[in-house]
Amino acid sequence: AQSVTQLGSHVSVSEGALVLLRCNYSSSVPPYLFWYVQYPNQGLQLLLKYTTGATLVKGINGFEAEFKKSETSFHLTKPSAHMSDAAEYFCAVSDTGNQFYFGTGTSLTVIP
Amino acid sequence: GAGVSQSPSNKVTEKGKDVELRCDPISGHTALYWYRQSLGQGLEFLIYFQGNSAPDKSGLPSDRFSAERTGGSVSTLTIQRTQQEDSAVYLCASSPRPGEETQYFGPGTRLLVL
């Protein structure tokens, strides 16, 4: 079975600092990988996804993630944090596409 | 355009009662998913519908949980004889096709079982 581990349930960064949210997965086949964001009192929305092709994926709001097969990782980064980035971030993996496995989420706080 | 909608947005019920949660997916989306989001637990897959195929029910936690999708569109998740541990946010998502496609999530139904 597939699984997703997000290291750090809470991450705090200063405004303007690098954002790094970690995601490791287990999958027996090449996976589809996703990052979703949930802003306060809103539904989940897609930030970015990796399916095939280029391993560095760019998403909305300046976020990007790199699929590293050798490390089974799909960490999310943003060079400079903005106050509006404060939210809950979820990493997800799917192999067949029928089932999606989500991590437990990382709550990002941005300190002014 | 209209997104995924869910109703009710909040539901408070007494232990032992049955509840029905509704999901209206985006028009034309053939795939529909139900998840449960508990505090500190992330999203737990419950059930998946794809077109007219038999649903994947492998995530349902007990036989008190069931779901149906009528006419390939609206879906209803039913929880019978609710328990306090059923309290959570129930999320519905749809996508144009299964596989690598993005899922579009509804706002969720927050269920509280007293």
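Structural notes, computed from the coordinates. Just so it is clear, the model here is predicted, and its values are computed rather than measured. (Residues numbered from 1 in each chain as written. Chains lettered and ligands numbered in written order. Predicted model: local features only at pLDDT ≥ 70, side-chain atom pairs only at ≥ 80, totals over all residues. Heavy atoms only, no water.)

**Here we look at the overall build of chain A**
- The secondary structure content of chain A amounts to zero helices and twelve strands.
- Starting at the N terminus, the α and β elements of chain A follow one another as β-β-β-β-β-β-β-β-β-β-β-β.
- Relative to the compact-globule value of 13 Å for 112 residues, chain A shows a C-alpha radius of gyration of 13 Å, a close match.
- Along the first, second and third principal axes, the C-alpha atoms of chain A reach 40 × 25 × 20 Å.
- Taken over 112 residues, chain A has a buried fraction of 47%.
- A fraction of 56% describes how many contacts in chain A between residues 6 or more apart in sequence connect residues 24 or more apart. (Helix = DSSP H or I, 4+ residues; strand = E, 2+ residues; numbered from the N terminus. Rg over C-alpha atoms; globule rule 2.2 N^0.38 Å. Buried < 20%, exposed > 50% of the residue type's maximum accessible area, 1.4 Å probe, protein only. Contact = heavy atoms within 4.5 Å.)

**Here's the deal with the overall build of chain B**
- Scanning chain B for helices and strands turns up zero helices and ten strands.
- Reading the helices (α) and strands (β) of chain B from amino to carboxyl end gives β-β-β-β-β-β-β-β-β-β.
- Relative to the compact-globule value of 13 Å for 114 residues, chain B shows a C-alpha radius of gyration of 13 Å, a close match.
- Taking all 114 residues of chain B together, 49% fall into the buried category.
- A total of about 5,500 Å² of accessible surface is found on chain B, and carbon and sulfur atoms cover 45% of it. (Areas by Shrake-Rupley, 256 points an atom, 1.4 Å probe, with all protein chains shown as cover.)

**Section: unusual backbone geometry**
- Between S7 of chain B and the following residue, P8 of chain B, the backbone shows a cis peptide bond with an omega angle of -10 degrees.
- Summarising the element assignment, P8 of chain B is placed in the loop between β1 (5–7) and β2 (10–13).
- Even without glycine at this site, T72 of chain A takes up a positive phi of about 45 degrees.
- Considering the arrangement of structural elements, one finds T72 of chain A in the loop between β8 (64–68) and β9 (73–78).
- Look at R81 of chain B: it is not a glycine, yet its phi comes out positive at around 45 degrees.

**Quick look at the sheet that holds strand β7 (residues 75–79) of chain B**
Residue and element names in this part refer to chain B.
- Spatially, β1-β3-β7-β6 is the arrangement adopted by the four strands of the open sheet, whose pairing is antiparallel. Edge strands, defined here as strands with exactly one partner in the open sheet, are β1 and β6 (65–69). With direction set aside, neighbouring strand axes in the sheet form an average angle of 15 degrees.
- As judged from the three bridges shared by β1 and strand β3 (residues 19–24), these two strands associate in the antiparallel manner. (Pairing = 2+ DSSP bridges. Axes fitted to C-alpha atoms, helices over the stretch in contact; angles between N-to-C directions.)

**As for the interface of chain A and chain B**
- Opposite the 18 residues of chain A that make contact, chain B presents 20 residues.
- Interface area, chain A with chain B, both sides summed: about 1,600 Å², of which 53% is carbon and sulfur.
- Inspection of the chain A/chain B interface yields three residue pairs in polar contact (both at pLDDT 80 or more).
- The set of elements that each furnish at least two residues to the side of chain A that touches chain B consists of β5 (32–38) and β6 (44–50) of chain A.
- Top element by residues in the side of chain A that touches chain B is β5 of chain A. It accounts for four residues.
- Along the lines of polarity and charge, the residues of the side of chain A that touches chain B split into eight nonpolar, nine polar and one charged. (Buried area = accessible area lost by both parts, 1.4 Å probe. Polar contact = N/O pair within 3.5 Å; in protein donor to acceptor, adjacent residues only side chain to side chain. Nonpolar A, V, L, I, M, F, W, Y, C, P; charged D, E, K, R; others polar.)

**Regarding a nonpolar patch on the surface**
- A surface patch of nonpolar side chains, about 280 Å² in accessible area, is lined by V12, L112 and L114 of chain B.
- Tracing the backbone through its elements, the reader meets L112 of chain B in strand β10 (residues 109–113). (Patch = residues over 30% accessible without salt bridge, like charges linked within 9 Å, V, L, I, M, F, W, Y side chains within 5 Å. Salt bridge = Lys/Arg side-chain N within 4 Å of Asp/Glu carboxyl O.)

**Quick notes on the packing of aromatic side chains**
- Within this structure, the stated rule accounts for 14 aromatic pairs over all chains.
- Taking 6.2 Å as the distance between ring centres and 20 degrees as the angle between the ring planes, the aromatic pair formed by Y33 of chain B and Y35 of chain B counts as stacked.
- Judged by relative accessible area, Y33 of chain B falls into the buried class, the value being 0%.
- Grouped by ring-pair contacts, the aromatic residues F34, Y36, F100 and F102 of chain A together with Y33, Y35, F45, Y48 and F105 of chain B constitute a single cluster. (Phe/Tyr/Trp six-rings, centres within 6.5 Å; stacked < 30°, edge-to-face > 60°.)

So yeah, pure geometry; function would need other evidence.
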